Amino acid sequence: MQYTYSKDEKLKSRKLIKELFKNGKAATVYPLRMIYLKKEHFGKYPVKAGVSVSKRNLKHAVDRNRIKRLMREAYRLNKHLLYTNLEEQYIIMFIYLAKEKETFKLIENKMKDLMEKFLRREQKTA
RNA sequence: UAAGUAGUUCAUCUUAUCGCUCUUAGUUUUAUUAAGAGAGGAAAGUCCGGACACCAAAGUGAAUCGUAGCGGCUAACAGCCGUCAUUUUGCUAGAAAUAGUAGAAUAGGACAAGUGCAACAGAAAGAAUGUACAGGUAAUGCUGUAGUGAAACCGGGUAAACUCUACGAGGUGCAAUGUUACGUAUAUUGGAGUGUCGAUUUAUCGACAAAGAGUCUCACGCUCAAAUCUUCAAGGGGUAAACAGCUAAAGUUAAUUAGUAAUAAUUAACGCAGAUAAAUGAUAAGAAUCAAUUUUAUUGAUACAGAAUCCGGCUUACAGAACUACUUUAUAU
C-alpha cells in the first residue's frame, strides 16, 4: 500500500467542487465533516479528495495551513480504508468545523471514525 | 554587576521514518528512480512611491486630491541624510537677563488680497475707544496714564479655519494583458444611423450643421460609420482550462574609493521559492533556552506570524538571544 497523496488524488477542478457542494451528502464526526458524491471522474484512483478550513473559524492563515496539513496527513495515512472497500469512484471534501487548533492524534482518530461511518452508510445503500 | 532607553544582527537545532511542489538527468511510455532547490523580518496592514500592462493621442483648462524652511540622495516618494529655525529637557557658567553644550519634538510657505473665529475677565476682541485723571486744540479720543486679559490698533493673533501661493498627480490593475483550446458565438430579438450644399463615376465622394458613443467628473479638444457594417438596449450560455506574463532583479555578499551622511562607483564571488481548493509538511527520539514544581529529575512553554506580478519605503505584531551607545543605581579601586 502506497501512502502517497499526489496531484491526481487531489480534488482540484472548480467545476467538480461546485457540483459536490450542490449535490453532495454530508457525514460528521466532530470536528470533521465529510461531503461526498458518487461521481465518475476518470482518474486512476477511486477517490479524489480535498480539505478545507473556514476563514470564519480560524482567522490566521498560519493556523489554517497547519490544520489543512494535518488533515491531509491524516487522510494520506488512512486512505487505504477507502481504497480497499470502494468499488465506484467518489469525490470527497473534508471540512474542519472547530474554532480551535487540535492535535494530530485527535484528527487522525476522528478521520478513521469518519471513514468507517461513511463506508457503513454507503454499503447499506449499495 | 543590575535595570532602563535607542539602534543593529539572529530568531531553536540534529537524526530517523513517511510524504508534497518545482527543476535537471535517466529508465521508458506515463508511471517510476536519482540528484538539487523549496517562506519572512515583518511574507501582515494595503498607507505612500515606482516598474510593467491595457485604456482608439494618453492632450489643455477647471474642479478635486496631495506636498510645503533650505540643501542633498533616489527610478520615485508623504521615505532617508545633512543643516537652519522654533519649542522643550538635562548639565555647566552667571546675581539675573542670557550664553555654551548634549538630547528630543515640530502638517516649519503666506494673515502686506478677501472672509471667518477668539472661553473667562473686560466698556470694547477689530466699524475700536467707555470711564477716571493729566496734558493739548479753533474743534474732535487729539495725546498719555490707570483698569481687564495671553493679546487692546499694532502691517495685532489664528491657515492640523475657509482661502491664497508654489510644485506635483490621466484612469484601471497580473482576475492587467497576449496566445491556444472548448463553445452554434460575427448567437438571437428590438431601437437608432438625420439634414443641407457641391462634384460627378448616379450611388458614391467631399464640405458644413445637428445628434450619438468613447475619452473616471465638467468644459474644450480629439477619436469613431456605411449593411456579412457601426452603436445602444434587452438577454442566454460558458471557461474560470492550458501556456506565456512569472521571476536575473533599481539583485545578494565582501572589499576598495568618493562623500559629514543618506548614497554612488569599481572589482570579485554567488546565481537564491514560483504554488493555483494553492507545495515548502507530519510523526518519533534527542539536544538547547526559559518557567514551575520539587530538588536534580519531572511537567509545561519556545514569539509574531505563511509568499501569490515584482521592487523601494512607512505602519502595526513579536517569546527570547548576542553586540554597540547612552542614562540611572549599588559595590570595589
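The notes below deal with the structure included here. (Residues numbered from 1 in each chain as written. Chains lettered and ligands numbered in written order. Predicted model: local features only at pLDDT ≥ 70, side-chain atom pairs only at ≥ 80, totals over all residues. Heavy atoms only, no water.)

**A closer look at the environment of Lys110**
Turning to step 1, where the next piece is worked out: With respect to the helices and strands, Lys110 occurs in helix α4 (residues 104-125).
Turning to step 2, where the next piece is worked out: With a relative accessible area of 26%, Lys110 lands in the partly exposed category.
Turning to step 3, where the next piece is worked out: Taking the C-alpha atoms as reference points, Lys110 and Gln89, separated by 21 residues in sequence, lie 23 Å from one another.
Turning to step 4, where the next piece is worked out: When near neighbours in sequence (up to four residues on either side) are disregarded, Lys110 contacts Val29, Tyr30, Pro31 and Leu32. (Helix = DSSP H or I, 4+ residues; strand = E, 2+ residues; numbered from the N terminus. Buried < 20%, exposed > 50% of the residue type's maximum accessible area, 1.4 Å probe, protein only. Contact = heavy atoms within 4.5 Å.)

**What about the side chain of Asn78?**
Turning to step 1, where the next piece is worked out: For Asn78, the position within the fold is in helix α2 (residues 61-78).
Turning to step 2, where the next piece is worked out: Here Asn78 falls in the buried class, since its relative accessible area comes to 4%.
Turning to step 3, where the next piece is worked out: Residues contacting Asn78, with those up to four places away along its chain left out, are Glu108, Lys112 and Met115.

By themselves, these observations are geometric and do not establish any function.
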